[in-house]
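Per-entry structural report
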Amino acid sequence: MILSAVVTALIASLVLFGWTFDVDLLKRILPALVAMNPMTAVAFLLAAISLALSSDEKTDDATFSGASLACALLIVLIGSAKIVAILGGPDLRVDQWLFPAKLSVGFLRPNVMAPNTALNFFLVGNALFLIHSKKRQLSPLACIAALVCGFEALLALLGYAYGIRAFYGMQSFIPMALPTAVAFLAVAFGIMACQARRGFLAVITGKNAGGMMARRLLPAAILVPAVIGWLRLEGQRMGFFDTEMGVALYTVTNMLVFGSLVACNAYLLFKTDAARARADQQLLGAHDELEAAVHSNQLIMDNSRDVICTIDAMGRFVTVSAACETLWGYKSIELMGKPYIDLVHPDDREKTNRVAAEITAGSAASDFENRYIRKDGAVIDVMWSAYWSEADKTMFCVAHDITERTRVSNSLKTAEAEANRANHAKSEFLSRMSHELRTPMNAILGFAQLLELDELSEQQHDGVGHILRGGRHLLELINEVLDISRIEAGGLSLSLEPVAIGEAIRETLSLVQPLASAREVRLNPGPDCSLFVQADRQRLKQVLINLLSNAIKYNRLGGSVTLSSKRSAPACAFRSPTLESAFPRSDSISFSCRSKDWGQSKAPWKGRVWD
């Protein structure tokens, strides 16, 4: 379109330059031909301006559109004024407004506008008007007017080429100039380019097979016969062949050329159809794969125990899997287009909206929990995973029912709270119990100490000593009841001091002697040990008492128990952080109880039980 406007404006400008400076070649191209009228050149300049301002980008601008319509109106008025004058009406002599003194110089008749030129200007002006019309049904009229104008211009060109004056002139009127015919052809092409996507021209410019064939054959159908006909006439005029031979050559040449064109186009269409068939086959395969994928996806959604759904930017369900009926009690069709927030428990809607805003902002959410209200009114717990797709403006979500898990978790929390309360009650009971037991035990020790001050026999003195040692040990045991709560709290402390092993063994044997006497078991202290260890004295004695008590309990009547000690390697059968600090690995002592005459029986504690 712009190219047509440039060509038209260039031809018109050269003609006006020729009239202004009397350059005869610019007015007529060849000396023997008719010169273009200067007013015709002005009309072509107006047509070029209107055509340039008729592009899609500029028709939306009121200024450009108004200027284009004004130029079109002037062209219509120029053509109409000349047609009226030719038909016998008032003659405004519009074709003699420019250079009137030069229009008759060197010409047999005055250089005026030809009738076919005036008609073409009338058609061109109206076609430029119709380009700006908003009514689609008027668009074909602009193309028809351009085609008629182009056909007249093509006839004039053929007339000049074949030397047939009837093609470009009318009887006694001055004929259409050769530059005028070329300019009309350029203008007609530009107008049709403006309407290329509308009307019947859309068939030619389309991307389908019909449009491709039209674009290949139409130029050949117009140019080939014209060129062959011109060659035939020139050959006949030069005496190369007579009329019959010329007609035969013209016919045969057209047959060969058009047959070749048809064959070439048929081959190209065959290749195009083959490629299209392959593309259709590939498309069909892709369609089958897509259907299979959609079917698989639908099976996953229909059989998934979790709800798979998509939610639009307005917070409404777009698609929902069949599991929603199990989870919420609604069918999929009932949830389509419904805001998901309507199903959320009122107390959880604020945090749900907050998380949804974060997801929409681009942060994916997983393991988000909230409560929903089922169709039957029941409240359920749901865990969500969601992702926002900015390209699709859609949130993809998976919802999992965690109602049972939440119930179990709440039950465990309740049980844990009950256990903590029970443990606290136990600790409180032990604290009170130890306090209640300590009071009478202190009284027993006090009276035993008073007895010890009296004059006693040796046997009585030994008995009182046993009472005091056993009472003190029992008091220490009562105090240790309180250590249970400290152990549970991880706050048990040890009073470490150097302890003589031999002395500790002797004190322990004296404490368990009454139990051994009752079982008629002899206690042997073993070899005297002069070793010292860093330990809590009271707890070390408690361990030895437990060890000896078990040895006596599981022994036979009249048996014997030997308690011995020795330095050992740092390996041990069992250890604890508390004992680790009491007995460092670098200097550890092992104790063992051995008994004679066990027979076939075995004690459950037999072997090394303490390191």
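Residues numbered from 1 in each chain as written. Predicted model: local features only at pLDDT ≥ 70, side-chain atom pairs only at ≥ 80, totals over all residues. Heavy atoms only, no water.

Side note on the packing of helix 17 (residues 501–518) against helix 18 (residues 537–553)
At a minimum axis distance of 9 Å, the contact between helix 17 and helix 18 shows a crossing angle of 40°. The angle between the axes of helix 17 and helix 18 places the two elements in the oblique class. Of the two possible hands of crossing, helix 17 and helix 18 adopt the one that is right-handed. On helix 18, the residues touching Glu503, Ala504, Ile505, Glu507, Thr508, Leu509, Leu511, Val512, Leu515 and Ala516 of helix 17 are Arg537, Lys541, Leu544, Ile545, Leu548, Ser549 and Ile552. Its residues assigned to classes, the contact of helix 17 with helix 18 shows 11 nonpolar, two polar and four charged. (Axes fitted to C-alpha atoms, helices over the stretch in contact; angles between N-to-C directions. Helix = DSSP H or I, 4+ residues; strand = E, 2+ residues; numbered from the N terminus. Parallel < 35°, antiparallel > 145°, perpendicular 65-115°, else oblique. Left-handed = near helix turned anticlockwise from the far one by under 90°. Contact = heavy atoms within 4.5 Å. Nonpolar A, V, L, I, M, F, W, Y, C, P; charged D, E, K, R; others polar.)

Regarding the packing of aromatic side chains
What the rule picks out here adds up to nine aromatic pairs. Pairing Trp328 with Trp384 gives two aromatic rings, centres 6.1 Å apart and planes at 25°, and the pair type is stacked. Here Trp328 is found in the loop between helix 12 (324–327) and helix 13 (332–335), whereas its partner Trp384 is found in strand 4 (residues 379–389), with 56 residues between them in sequence. Just as Trp328 is buried, Trp384 falls in that class too. Aromatic side chains Tyr372 and Trp384 sit 5.7 Å apart centroid to centroid with 40° between the ring planes, which places their arrangement in the tilted category. Of the two residues, Tyr372 sits in strand 3 (residues 365–373) while Trp384 sits in strand 4, which places them 12 residues apart along the sequence. Its relative accessible area of 1% is what places Tyr372 among the buried residues. Within the aromatic cluster, the residues linked to one another by ring pairs are Phe317, Trp328, Tyr372 and Trp384. For Lys27, the ring lying beneath its charged end belongs to Trp19, and the centroid distance is 4.2 Å. (Phe/Tyr/Trp six-rings, centres within 6.5 Å; stacked < 30°, edge-to-face > 60°. Buried < 20%, exposed > 50% of the residue type's maximum accessible area, 1.4 Å probe, protein only. Lys NZ or Arg CZ within 6 Å of the ring centre and 35° of its normal.)

Section: the side chain of Ser4
Position of Ser4 among the secondary structure elements: in helix 1 (residues 2–21). Polar contacts involving the side chain of Ser4 include one to the main-chain carbonyl oxygen of Ala186, which spans 3.3 Å. When neighbours within four sequence positions are excluded, Ser4 is seen to be in contact with Leu51, Ala186, Phe189 and Gly190. (Polar contact = N/O pair within 3.5 Å; in protein donor to acceptor, adjacent residues only side chain to side chain.)

Considering the pairing of strand 3
The pairing of strand 3 with strand 4 spans eight bridges and is antiparallel. Counted as the bridge partner of Phe368 is Trp384 from strand 4. The hairpin turn running from strand 3 into strand 4, its antiparallel successor, is five residues long, and Gly377 in that turn takes a positive phi close to 95°. (Pairing = 2+ DSSP bridges.)

With respect to the sheet that holds strand 4
To summarise the sheet geometry, strands pair through backbone hydrogen bonds and adopt either a parallel or an antiparallel arrangement. Taken in spatial order, the five strands line up as 2-1-5-4-3 in an open sheet, and their pairing is antiparallel. Bordering the open sheet on either side are strand 2 (317–320) and strand 3, each of which pairs with just one other strand. Put simply, the sheet's adjacent strands are angled 30° from each other on average, direction ignored. In terms of strand pairing, strand 4 meets strand 5 (residues 394–401) through eight bridges, oriented antiparallel. Bridge pairing links Met383 to His400 in strand 5. Packed on one face of the sheet, helix 14 (residues 349–360) meets strand 3, strand 4 and strand 5 and runs near 145° to strand 3.

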